Structures are given as structure tokens and as C-alpha cells.
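Architecture and fold: a report
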Amino acid sequence: MGLLLPTVSTAFIVISGILVAIGWYAIAKKQVEKHMKIMKWAAICATIFFITYVSRTAFIGNTHFGGPDSIKPIYQTFLFFHIVLATVGGVMGLITLRYAYTKNYASHRKIGPWTSIVWFVTSITGAVVYLLLYWIYPGGETSDVLDVIFGK
């Protein structure tokens, strides 16, 4: 299970970011139906990411940074930035979807581009965290999320 769940959750966050980009392009081309279908799939992928990540965190824990102590503070700052962005992006995503589903298109058009940008950055920083934890510096021990973010 070691690398499977992080790989799956990271794949879904990256796919959701790619789908948001495609959906944004579709709406720019006035392809409303295509935009709606793609954004639904982006939301589904983001939801699968969230469920996978939260399940892993709750049942297994999070992985400590396994790289050199000299760059650990930089990594922890980056991780904190990613978590804040993911939280803000998730909330913005729910608001943006709500506006779309309630046909409040004026509000949807105002927040949608900002939500997309936050989610692009979230997707990219999520992939970087994954690469740093599992490929560049194979992770350390697993523990609860606050220990991982703020160190022991």
C-alpha cells in the first residue's frame, strides 16, 4: 500500500487540474455543454482525490519528509502553502459549482477564473509534494498530519 494511495490521490488531483484547464478553454470557445461535462468530471476527480487523501490520512497517516534537514523548513513551508491553497481551492470549488448548479451564472463567471487559478496551483504543488516525498527524497516514517506539517 506504501506508494499506491499517494500515487492514486496525486493522479486524481493532477487530472482534475488538467480537466479544469480544458473546461476553461471550452467555455472561452463558448462550448457551454462541453464546459459543463468537463467541469463535472474535474469535480469528480477532485472529490476522489479528497476521499483518497482523507482516508489515507485517517487510517494510515502522513509521510514525513525524508530529505536533508537543511531543506526541511523550506519543504514544510511549501507543504503548508499547498494545504492552505487546497483548502481555499476546495471551498472556492464548492461555491463555484453551487453558482453553476443554481444558475447564478453572473457570480459563477466572477469566481470561476479565480477558482481555476487556485486549483491549477494546488494541482501543481500537490504533484511537487508527491515527487519530493516519494521520488526525490523517499519519505520517512508515517505519523499524524500535524507532526508532518510542523515537525516533531
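Here is what the cut-offs are and how they apply
Residues numbered from 1 in each chain as written. Predicted model: local features only at pLDDT ≥ 70, side-chain atom pairs only at ≥ 80, totals over all residues. Heavy atoms only, no water. Helix = DSSP H or I, 4+ residues; strand = E, 2+ residues; numbered from the N terminus. Buried < 20%, exposed > 50% of the residue type's maximum accessible area, 1.4 Å probe, protein only. Contact = heavy atoms within 4.5 Å. Areas by Shrake-Rupley, 256 points an atom, 1.4 Å probe, with all protein chains shown as cover. Lys, Arg positive; Asp, Glu negative; His and termini not counted. Charge placed at Lys NZ, Arg CZ, Asp CG, Glu CD. Patch = residues over 30% accessible without salt bridge, like charges linked within 9 Å, V, L, I, M, F, W, Y side chains within 5 Å. Salt bridge = Lys/Arg side-chain N within 4 Å of Asp/Glu carboxyl O. Phe/Tyr/Trp six-rings, centres within 6.5 Å; stacked < 30°, edge-to-face > 60°. UniProt positions renumbered as here; feature names shortened; annotations may be inferred. Expected span 1.5 Å × (residues − 1).

The name given to the protein in an unreviewed UniProt entry is DUF420 domain-containing protein, with the source organism recorded as Brevibacillus antibioticus.

**Re the overall build of the protein**
Summing up its helical and strand segments, the protein has five helices and two strands in all. Taking the principal axes of its C-alpha atoms as reference, the protein extends roughly 50 × 25 × 25 Å. Burial analysis of the protein (152 residues in total) assigns 37% to the buried set. If you take every contact in the protein between residues at least 6 apart in sequence, the share linking residues at least 24 apart comes to 76%. Surface accessibility of the protein: about 9,100 Å² in total, with carbon and sulfur atoms responsible for 74%. For the protein, the distance from the average site of its 12 positive side-chain charges to the average site of its 5 negative ones is 24 Å.

**Notes on a nonpolar patch on the surface**
Nonpolar side chains collect at one region of the surface, where Trp 24, Ile 27, Val 32, Met 36, Phe 81, Trp 114, Ile 117 and Val 121 lie side by side and expose about 710 Å² of accessible area between them. Elements with a minimum of two residues in the nonpolar patch: α1 (4–28), α2 (32–59) and α4 (105–136). Of the residues forming the nonpolar patch, the biggest block, three residues, is contributed by α4. With respect to the element layout, Trp 24 can be found in helix α1.

**Describing the packing of aromatic side chains**
Throughout the structure, instances matching the rule amount to five aromatic pairs. Centroid distance Trp 24 to Phe 120: 5.6 Å. Interplanar angle 20 degrees. Geometry classified as stacked. Pair noted here: Trp 24 is in helix α1 and Phe 120 is in helix α4, with a separation of 96 residues, a long-range link. Ring plane angle 40 degrees and centroid distance 5.5 Å describe the contact between Tyr 130 and Tyr 134, whose orientation is recorded as tilted. Linking Tyr 130 with Tyr 134, this pair stays in helix α4, spanning four residues, or about one helical turn. In this structure an aromatic cluster arises from ring pairing among Phe 65, Tyr 75 and Tyr 137.

**Considerations on the UniProt feature "transmembrane region" (unreviewed entry) in the protein**
According to UniProt, the "transmembrane region" (unreviewed entry) feature falls on residues 6–27, 39–59, 79–101 and 113–137. A helix fraction of 100% and a strand fraction of 0% characterise residues 39–59, whose end C-alpha atoms lie 30 Å from each other. Here residues 79–101 is 100% helix and 0% strand, with 32 Å between the C-alpha atoms at its ends.

**What to know about α1**
With 25 residues, α1 ought to run about 36 Å at 1.5 Å a step, and its terminal C-alpha atoms sit 36 Å apart, in line with that. Every buried residue belonging to α1 is among Pro 6, Ser 9, Thr 10, Ile 13, Ser 16, Gly 17, Leu 19, Val 20, Gly 23 and Ala 26, and all of these are buried. Summarising the contacts, the buried residues of α1 are in contact with α2, α3 (72–101) and α4. Backbone geometry just downstream of α1 places Lys 30 in the positive-phi region, at approximately 65 degrees.

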